[in-house]
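# Structure at a glance
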Amino acid sequence: MQSLSVEATNFDGDLTCNRVSVCCNRADSRGGSKRVLMIDIDTLLHARWVVPVVPRAAVLERHAIAITRGSIVDVLPSAEAAQRYRATEEQTFETHVVTPGLVNCHTHSAMALLRGVGDDLPLMRWLKDRIWPLESALISAEFVHDGAQLAALEMLRSGTTTASDMYFYPEATVRALRSFGMRVAAGIIAIEFPTIYASDAEDYLRKGLATRDAFRSDPLVSFTLAPHAPYTVADQTLRRIAVLAEELDLPIHTHVHETDDEIAESVATHGCRPLERLDRLGIVSERLIAVHAVHLNPHEIQLLAQRGSSVAHCPASNLKLGSGIAPIARLAAAGVRVAIGTDGAASNNRIDMLAELRLAALLAKGVAHDASVFNAPEALESATLGAACALGLDRRIGSIEIGKEADLIAIDLASVETQPLYDVVSQIVYAAGREHVTDVWIAGNHVVRKRQALADSDGLLEKSLMASVGAWQNRCRQVLLTSRAA
Ligand SMILES: [Zn+2]
């Protein structure tokens, strides 16, 4: 899209477009005056720096972002913007960098209520002794909604504007995230075993597709097909999901190759490794978001690259559960798209994308014994445009470009922790923390101002949410006491 700038000298005609108006007389270089047409827009954001992500590593100094009807209509030097645009709302962020909103490519928002409930336990004990008993006793639409609201507040205040979620009752997650103005890619979860939410894989898919229908008119809600993992979903269901993905044009979001045990079990049960099985069933394609992908042999890295698949790298969860470290530098070198996710708060325990992308960059270097791999611009791209591509949203979000929707965050770089400042992108990745994110916009809506969620400007929603969280905590404790006694 071209710039909307219009400038005229001695303009006398009528203007039929009410978004353009003659604003003022300005002296020209010959001492005469020229009348300038100003473009009316909704919002004009001036920032000390803008990091648009495209082109990679670009840093625009003293630039402005012009926004109208939720979309970016111009990115230009602030001095020019002041001459060209008249905004309903104009703000200046003198010490901030504005970047695209962070896109969390894999989380289980509702599990925020299970934060810290089973730390320092190996994966199977974590699942069998803590997570599964709690989920079977407590899961309901209310649990999911309250947990997802807790996660939404944490994500928004840490600069996450889009979350790709996978959990039971996706309808409750969507309602919770949308109540704070967030963008969500909701997973249509499929798993073979029954829960209170659904009786079998077909029932999960039916309910998830009904949720998709229910939110069809909300442009900030998209969906993925989310078979939980190869070890919890049967061949027949995976085949059906491959067909559905084509028919409905949806990404496929699934945990894969998280642990060595999962691979050994697949070899014993199916005679092949999980990725090979998924490939035979038509799942490994440009639609696939392979979550974790910790244990990959060279052939599997090539397969993901050839098929155009994405990996959602969740380094904190992989470390905390002792699963291992995904070969991110080798994946990126092979051409596999890398996105970043936090996983759920039960295995992280933060839902903090800035912390996650910093960890991803550091781990990649440590594993490769090469400080140049997965550099700061690549890490930031993974947490924005990379994830947007994986989710099929890259034409709408992921970078600050004309025509894209205005999902933006402002990070204050004036604090003790972020000074002195030699390289803006490095500072975002290696020094800044979520406490430095002050403002957030989603589709042009200002949803966080000075760290306060504007959907809850009087703080009452947070107060009642914290009361609910306390009640869920008591119920979780009770369930664990009962299950230990049994
Ligand atoms: Zn997960």
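Please refer to the structure higher up on the page.
A brief look at the structure comes next. (Residues numbered from 1 in each chain as written. Predicted model: local features only at pLDDT ≥ 70, side-chain atom pairs only at ≥ 80, totals over all residues. Heavy atoms only, no water.)

## Quick look at the overall build of the chain
Scanning the chain from N- to C-terminus turns up 15 helices and 17 strands. Relative to the compact-globule value of 23 Å for 486 residues, the chain shows a C-alpha radius of gyration of 24 Å, a close match. Projecting the C-alpha coordinates of the chain onto the three principal axes gives extents of approximately 90 × 50 × 50 Å. Taken across its 486 residues, the chain has 58% of its residues classed as buried. For the chain, the exposed surface amounts to about 19700 Å²; the carbon and sulfur share of it is 51%. Here the chain holds 47 positive side-chain charges and 58 negative ones, and the gap between their average locations is 1 Å. (Helix = DSSP H or I, 4+ residues; strand = E, 2+ residues; numbered from the N terminus. Rg over C-alpha atoms; globule rule 2.2 N^0.38 Å. Buried < 20%, exposed > 50% of the residue type's maximum accessible area, 1.4 Å probe, protein only. Areas by Shrake-Rupley, 256 points an atom, 1.4 Å probe, with all protein chains shown as cover. Lys, Arg positive; Asp, Glu negative; His and termini not counted. Charge placed at Lys NZ, Arg CZ, Asp CG, Glu CD.)

## Considering the pairing of strand 11 (residues 288–292)
Across the five residues of strand 11, five count as buried, placing the element largely inside the fold. In this sheet, strand 11 lies alongside strand 10 (residues 252–256) in parallel orientation, the contact comprising five bridges. Bridging from a neighbouring strand, Ile252 pairs with Leu288 of strand 11. Alignment of strand 11 against strand 12 (residues 310–313), held across three bridges, turns out to be parallel. Residue pairing in the sheet places Ile289 in a bridge with Ser310 of strand 12. In the classification by handedness, the crossover that spans strand 11, the intervening helix 9 (residues 298–307) and the parallel strand 12 is right-handed. (Pairing = 2+ DSSP bridges. Right-handed = clockwise from strand over helix to strand, strands pointing away.)

## Digging into the pattern of salt bridges
This model, assessed by the stated rule, comprises 30 salt bridges. In this structure, Asp407 engages Arg183 in a salt bridge whose closest nitrogen and oxygen atoms are separated by 2.7 Å. Of the two residues, Asp407 sits in the loop between helix 13 (376–390) and strand 14 (408–412) while Arg183 sits in strand 8 (residues 183–190), which places them 224 residues apart along the sequence. The shortest N-O distance in the salt bridge between Glu401 and Lys404 comes to 3.7 Å. Accessibility expressed as a relative area gives 7% for Lys404, which makes it buried. Among the charged side chains, a network of salt bridges with common partners joins Arg115, Glu154, Arg350, Asp352 and Arg434. (Salt bridge = Lys/Arg side-chain N within 4 Å of Asp/Glu carboxyl O.)

## Examining the coordination of the zinc ion
Protein-derived coordination of the zinc ion comes from His106 (NE2), His108 (NE2), His255 (NE2) and Asp343 (OD), at a distance range of 2.1 to 2.3 Å. Its four donor atoms give the zinc ion angles of 85 to 171° at the centre, a pattern that matches the irregular case. (Donors = N, O, S within 2.8 Å, 3.2 Å for Na, K, Ca; no water. Tetrahedral: all angles 85-135°; square planar, octahedral: opposite > 155°, others 65-115°.)

## What about the packing of helix 13 against helix 14 (residues 424–431)?
When two helices pack together, you describe them by how their axes are tilted relative to each other and by the distance separating the axes. Where helix 13 contacts helix 14, the two axes come as close as 9 Å, and the packing angle between them is 65°. In terms of their interaxial angle, helix 13 and helix 14 are classed as roughly perpendicular. Crossing handedness for the pair helix 13 and helix 14: left-handed. On the side of helix 13, the interface is formed by Ala376, Pro377, Ala379 and Leu380, while helix 14 contributes Val425, Ser426, Ile428, Val429 and Tyr430. Broken down by class, the residue content of the contact of helix 13 with helix 14 amounts to eight nonpolar, one polar and no charged. (Axes fitted to C-alpha atoms, helices over the stretch in contact; angles between N-to-C directions. Parallel < 35°, antiparallel > 145°, perpendicular 65-115°, else oblique. Left-handed = near helix turned anticlockwise from the far one by under 90°. Contact = heavy atoms within 4.5 Å. Nonpolar A, V, L, I, M, F, W, Y, C, P; charged D, E, K, R; others polar.)

## Digging into the nonpolar core
The nonpolar side chains of a soluble globular protein tend to be buried with one another. Grouped together as the largest cluster of nonpolar side chains are 123 residues, with contacts concentrated most on Leu114, Phe143, Leu177, Ile283, Leu304, Leu331 and Phe374. With nine residues, the top contributor of residues to this core is helix 3 (residues 141–157). Those residues within four positions of Phe143 in sequence are excluded, and the remaining contacts are Ala110, Leu113, Leu114, Leu138, Tyr167 and Trp472. Residues Val103, Cys105, Ala339 and Ala390 belong to the second largest nonpolar core, which totals 14 residues. (Core = buried A, V, L, I, M, F, W, Y, C linked by side-chain atoms within 4.5 Å.)

## Observations concerning the side chain of Asp146
Assignment of secondary structure puts Asp146 in helix 3. Excluding its chain neighbours within four sequence positions, the residues that come into contact with Asp146 are Leu113, Leu465, Ser468 and Trp472.

## Focus on helix 2 (residues 123–138)
Along helix 2, the sharpest change in direction is near 40° and occurs at Ile131; proline Pro133 comes one to four residues later. Looking at helix 2, one finds that the buried residues are Leu123, Trp126, Leu127, Arg130, Ile131, Pro133, Leu134, Glu135 and Leu138. Where the residues of helix 2 are buried, they touch helix 3 and helix 15 (460–485). (Bend = angle between axes of the 7 residues up to and from the residue.)

## Considering the packing of aromatic side chains
Aromatic ring pairs: the centre-centre distance and the angle between the two ring planes describe each pair. Considering all chains together, one arrives at six aromatic pairs under this definition. Centre to centre, the rings of Phe168 and Tyr204 are 6.4 Å apart; their planes meet at 45°, and the pair counts as tilted. One end of the pair, Phe168, is in the loop between strand 7 (160–165) and helix 4 (170–178); the other, Tyr204, is in helix 5 (residues 201–214), with 36 residues separating them in the sequence. Pairwise contacts between aromatic rings join Tyr167, Phe168, Tyr169, Tyr197 and Tyr204 into one cluster. Sitting over the ring of Tyr197, Lys207 keeps its end group 5.9 Å from the ring centre. (Phe/Tyr/Trp six-rings, centres within 6.5 Å; stacked < 30°, edge-to-face > 60°. Lys NZ or Arg CZ within 6 Å of the ring centre and 35° of its normal.)

## Description of unusual backbone geometry
Residue Pro55 is reached from Val54 by a cis peptide bond, and omega for that bond is -5°. Secondary-structure assignment places Pro55 in the loop between strand 2 (33–50) and strand 3 (60–68). The amide bond that connects Asn348 to the next residue, Asn349, takes the cis arrangement and shows omega of 5°. Of note, Asn349 is situated in the loop between strand 13 (337–340) and helix 12 (353–368).

## Side note on the side chain of His106
Following the sequence through the fold, His106 ends up in strand 6 (residues 102–107). Accessibility expressed as a relative area gives 0% for His106, which makes it buried. Within polar-contact distance, the side chain of His106 engages the side chain of His255 at 3.1 Å. The residues contacting His106, other than those within four sequence positions of it, are Ser164, Met166, His253, His255, Val291, Ala312, Cys314, Gly341, Thr342 and Asp343. (Polar contact = N/O pair within 3.5 Å; in protein donor to acceptor, adjacent residues only side chain to side chain.)

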